[in-house]
Amino acid sequence: MRTHDSVSILIFNSSRQCFVVVKQFRPAVYMCEMERHRPQDFQSKDQDSWCPLLDPLPATEGVTYELCAGLVDKPELSLEEIARNEVLEECGYDIPITNLKRITSYRSGVGVTGSRQTLFYAEVTDQMKTGEGGGQPEEGELIEVVEVPLQDSMKFAFDEHFPKPMGVIFSFMWFQSNVALGLLEK
Ligand SMILES: Nc1nc(=O)c2ncn([C@@H]3O[C@H](COP(=O)(O)OP(=O)(O)O[C@H]4O[C@H](CO)[C@@H](O)[C@H](O)[C@H]4O)[C@@H](O)[C@H]3O)c2[nH]1
Ligand SMILES: [Mg+2]
């Protein structure tokens, strides 16, 4: 499969000492959960009338906690500009480009897709909050902004009851070893 590259942003609100992440419904995650809970419904998949959603699980089964992120689908914009727009659209913070620190990039998948994701760090304050975020409903996005207190963040990262992609865990750990120690020294 060919997919776009992407950017993701670890957002830390220094006014409230919390990470800002997004909660989103992901159809692929939902369908994996459907098959896990109702394997019998997926056995007749060769039939024309196959419909796995006759006895659906609640939509919350497909909701994950994620970093703010976006596809690199505008060739005229830099990765930083795309990241800045995503932070505003999804989380409601208007940040200057200079607030974005590039952490690293990696392959967001290696089995089915091979696209690259570039991870940024952005420290924000309450004063930078100009909107509610929430993404673009007209493009099918339904995003809830969630704050994870710094003091609970490692517990959150490894709590399997909160489904999440690995970028959340990696970036929270990156913060612990690169930023949190500095905060304590202030
Ligand atoms: N958000 C996020 N956090 C991670 O920690 C995280 N870790 C990996 N990824 C991967 O990054 C890619 C890009 O992320 P998004 O799906 O958030 O990209 P957007 O441009 O915001 O939105 C697009 O997808 C939406 C939903 O499908 C549509 O509604 C939009 O129309 C459409 O533009 C995806 O491949 C996702 O697998 C994360 N993505
Ligand atoms: Mg997104």
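The shown structure was predicted, so the numbers you read here are calculated from the model rather than taken from an experiment.

Draft legend 1. The environment of I82, seen in detail. The residue I82 is located in helix α2 (residues 79-91) in this model. Note: C-alpha distance between I82 and S14 (68 residues apart in sequence) is 22 Å. The residues contacting I82, other than those within four sequence positions of it, are V7, L71, V72, D73, K74 and L77.

Draft legend 2. Region of interest: the layout of surface pockets. Of the voids in this model, the largest pocket is the one considered here, and its volume is about 1,500 Å³. Within the residue set of the lining of the largest pocket, elements represented by two or more residues are β1 (6-13), β2 (18-25), α1 (27-37), β3 (63-66), β4 (68-71), α2, β5 (100-107) and α4 (166-185). If one sorts the elements of the lining of the largest pocket by residue count, α2 sits on top with five residues. Classifying every residue of the lining of the largest pocket by side-chain character gives 16 nonpolar, 16 polar and ten charged.

Draft legend 3. Structural context of the site of ligand 1. In the vicinity of ligand 1 lie 15 residues, with E66, L67, A69, L71 and E90 positioned nearest. Residue A69 places a main-chain N or O atom 2.9 Å away from an oxygen atom belonging to ligand 1. Within the side chain of E141, one N or O atom sits 3.2 Å away from an oxygen atom of ligand 1. Alone, ligand 1 offers 710 Å² of accessible surface; in the complex the protein occludes 71% of this. The cavity where ligand 1 resides is the largest pocket. Per element, the largest residue contribution to the shell around ligand 1 is three residues, and it comes from β4. Of the residues assigned to the shell around ligand 1, the class counts are four nonpolar, five polar and six charged.

Draft legend 4. Main features of α2. Here α2 is 13 residues long and its end C-alpha atoms lie 17 Å apart, about the 18 Å a rise of 1.5 Å per residue gives. Of the positions making up α2, those classed as buried are I82, A83, E86, V87, E90 and C91. Along the axis of α2, the buried residues cluster in a sector spanning 140°; they form a single face. On its buried face, α2 sits against β1, β2, β4, β5, β6 (116-124) and β7 (143-149). Directly beyond the C-terminal end of α2, a positive phi value near 85° is found at G92.

Draft legend 5. Just the state of the cysteines, in detail. Across all of its chains, the model carries zero disulfides by this definition. Of the cysteine sulfurs around C91, a residue in no disulfide, the closest is that of C68, at 4.2 Å. For C91, a relative accessible area of 0% corresponds to the buried category.

Draft legend 6. Up close: the side chain of E90. Examined against the element boundaries, E90 turns out to sit in helix α2. There is no salt bridge for the buried E90, and the closest opposite charge comes from R26, which lies 6.6 Å off by N-O distance. Engagement of the side chain of E90 in a polar contact is seen with the backbone nitrogen of A69, the distance being 3.3 Å.

Analysis parameters
Residues numbered from 1 in each chain as written. Chains lettered and ligands numbered in written order. Predicted model: local features only at pLDDT ≥ 70, side-chain atom pairs only at ≥ 80, totals over all residues. Heavy atoms only, no water. Helix = DSSP H or I, 4+ residues; strand = E, 2+ residues; numbered from the N terminus. Contact = heavy atoms within 4.5 Å. 1 Å grid on protein atoms, 1.4 Å probe; cavity = no way out; pocket = protein on both sides within 12 Å on 5 of 7 lines; lining within 4 Å. Points joined across faces, edges and corners; volume = space filled by probe spheres on them. Nonpolar A, V, L, I, M, F, W, Y, C, P; charged D, E, K, R; others polar. Near = heavy atom within 4 Å. Polar contact = N/O pair within 3.5 Å; in protein donor to acceptor, adjacent residues only side chain to side chain. Areas by Shrake-Rupley, 256 points an atom, 1.4 Å probe, with all protein chains shown as cover. Sits in = over half its atoms within 2 Å of the grid points. Expected span 1.5 Å × (residues − 1). Buried < 20%, exposed > 50% of the residue type's maximum accessible area, 1.4 Å probe, protein only. Arc of directions from axis to C-beta. Disulfide = S-S within 2.5 Å. Lys, Arg positive; Asp, Glu negative; His and termini not counted. Salt bridge = Lys/Arg side-chain N within 4 Å of Asp/Glu carboxyl O.

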